[in-house]
Amino acid sequence: MKTWTQQSVTQPPATYPSAVYPSAMQPSVEHVGPAGEAWLASASEYPRSMRALWESRPWAPTVLPCGRAFDVISMPSFFGRQVLDELWASGPGSGPVAGHRGRILLFVQPGAAPRLRRLLAWEEWARDVPPLLCHGRGDAVTVPPLQRMVNSPDSPGQGAGRWIVAPERREPRLPGAAVVLWACVRAAREPDAAVPVGAAAVTRG
């Protein structure tokens, strides 16, 4: 998968990608490419209208429904980073990933959110994993802007979340519920994992 960078990333990551911002002082643009934009638009009931909106307002975050092109698992930021480590170190990697308001948004297969919710309802798993928000059909999530200026604090798109792993394909490979479950369990059982009190709570969001 491709990370947010000034133009594009051509080398595959050694581990899961993290956003790499240029060190140059002049502003540069983070952007989602045409294939990734088409995939995001496919989540909407009206993809052409969505793409027209993005053409006029590429700096604006967008609310998209889950259940058609993707589901989303929302995790506490620190734990989410540990889950991404597990996905990239010992699994198939991740699909697109975003950061929004202190949480990690992991894009997963449509239908994976309710399945993961049921799996985490088992006490054996729930006692280890921090509270997750599983967004599936009937839910909607805010996705970061398609374009965002970096090294420019007053530019449009700042504060609206960001892509950690930006979508780059028309049909990205998204992890399923079982893959995410095991990554969560492994991350929660790491010696330095911080598991909050009441970890059994799993909500729809």
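Reading the values: the criteria
- Residues numbered from 1 in each chain as written.
- Predicted model: local features only at pLDDT ≥ 70, side-chain atom pairs only at ≥ 80, totals over all residues.
- Heavy atoms only, no water.
- Helix = DSSP H or I, 4+ residues; strand = E, 2+ residues; numbered from the N terminus.
- Areas by Shrake-Rupley, 256 points an atom, 1.4 Å probe, with all protein chains shown as cover.
- Core = buried A, V, L, I, M, F, W, Y, C linked by side-chain atoms within 4.5 Å.
- Buried < 20%, exposed > 50% of the residue type's maximum accessible area, 1.4 Å probe, protein only.
- Contact = heavy atoms within 4.5 Å.
- Phe/Tyr/Trp six-rings, centres within 6.5 Å; stacked < 30°, edge-to-face > 60°.
- Expected span 1.5 Å × (residues − 1).
- Salt bridge = Lys/Arg side-chain N within 4 Å of Asp/Glu carboxyl O.
- pLDDT = per-residue confidence, 0-100.

### A few points about the overall build of the chain
Item 1. For the chain, the count of helices and strands is six helices and ten strands.
Item 2. Surface accessibility of the chain: about 10000 Å² in total, with carbon and sulfur atoms responsible for 53%.

### Let's talk about the nonpolar core
Nonpolar side chains tend to gather and get buried jointly when the protein is soluble and globular.
Item 1. Ranked by internal contacts, the top residues of the largest apolar core, which has 27 residues, are I73, M75, F79, L106, L116 and L132.
Item 2. If you list the elements that add at least two residues to this core, you get strand 3 (71–76), helix 3 (77–90), strand 5 (103–108), helix 4 (112–120), strand 6 (132–135), strand 9 (162–165) and helix 6 (177–188).
Item 3. Sort the elements by how many residues they give to this core and helix 6 lands first, with eight residues.
Item 4. With residues up to four places along the chain from it excluded, the contact list for L106 reads D71, V72, I73, M75, L84, L87, S94, P96, V97 and V180.

### Here we look at the packing of aromatic side chains
Item 1. Applying the stated criterion across every chain, the model contains four aromatic pairs.
Item 2. Note on W39 and F70: the rings are 5.3 Å apart at their centroids and 55° apart in plane angle, and the pair reads as tilted. Note that W39 is positioned in helix 1 (residues 34–41) and F70 in the loop between strand 2 (62–65) and strand 3, a separation of 31 residues in sequence. By the burial criterion, W39 is buried, and F70 matches it.
Item 3. Between the aromatic rings of F70 and F107, the centroid separation amounts to 4.9 Å while the plane-to-plane angle is 70°, which identifies the pairing as edge-to-face. Highlighted residues: F70 in the loop between strand 2 and strand 3 and F107 in strand 5, separated in sequence by 37 residues.

### A short note on helix 3
Item 1. For helix 3, with 14 residues, the first-to-last C-alpha span of 20 Å sits near the 20 Å given by 1.5 Å per residue.
Item 2. Among all positions of helix 3, only F79, G80, Q82, V83, L84, E86, L87 and W88 are buried.
Item 3. Here the buried face of helix 3 lies against strand 3, strand 4 (97–100), strand 5, strand 6 and helix 6.

### What about the pattern of salt bridges?
Opposite charge on two side chains permits pairing when their charged atoms draw close.
Item 1. Taken as a whole and assessed by the stated rule, the structure comprises two salt bridges.
Item 2. Here E37 ties to R51 by a salt bridge, and the two come within 3.4 Å at their closest N and O atoms. Taken as a pair, E37 in helix 1 and R51 in helix 2 (residues 47–56) lie far apart in primary sequence, 14 residues in all.
Item 3. The exposure class assigned to R51 is partly exposed, which follows from its relative accessible area of 33%.
Item 4. In this structure, the salt-bridge partner of R186 is E86, at a minimum N-O distance of 3.1 Å. With a gap of 100 residues between them, R186 in helix 6 and E86 in helix 3 connect regions that are remote in the sequence.

### Overview of the confidence of the model for the chain
Item 1. Overall, the predicted model of the chain reaches an average pLDDT of 79, with 71% of residues at or above 70.
Item 2. Element-level mean pLDDT values for the chain span from 44 in strand 10 (residues 202–203) up to 97 in strand 3.
Item 3. Low pLDDT (under 50) marks residues 1–27, which in the prediction has 69 contacts with non-local residues, meaning those over four places away or in another chain.
Item 4. Low pLDDT, under 50, characterises residues 194–203; the predicted model gives this stretch 24 contacts beyond four residues in sequence or across chains.

### Quick notes on unusual backbone geometry
Item 1. At R101, a residue that is not glycine, the phi angle is positive and equals roughly 50°.
Item 2. Take R101: it is sitting in the loop between strand 4 and strand 5.
Item 3. A relative accessible area of 78% places R101 in the exposed class.

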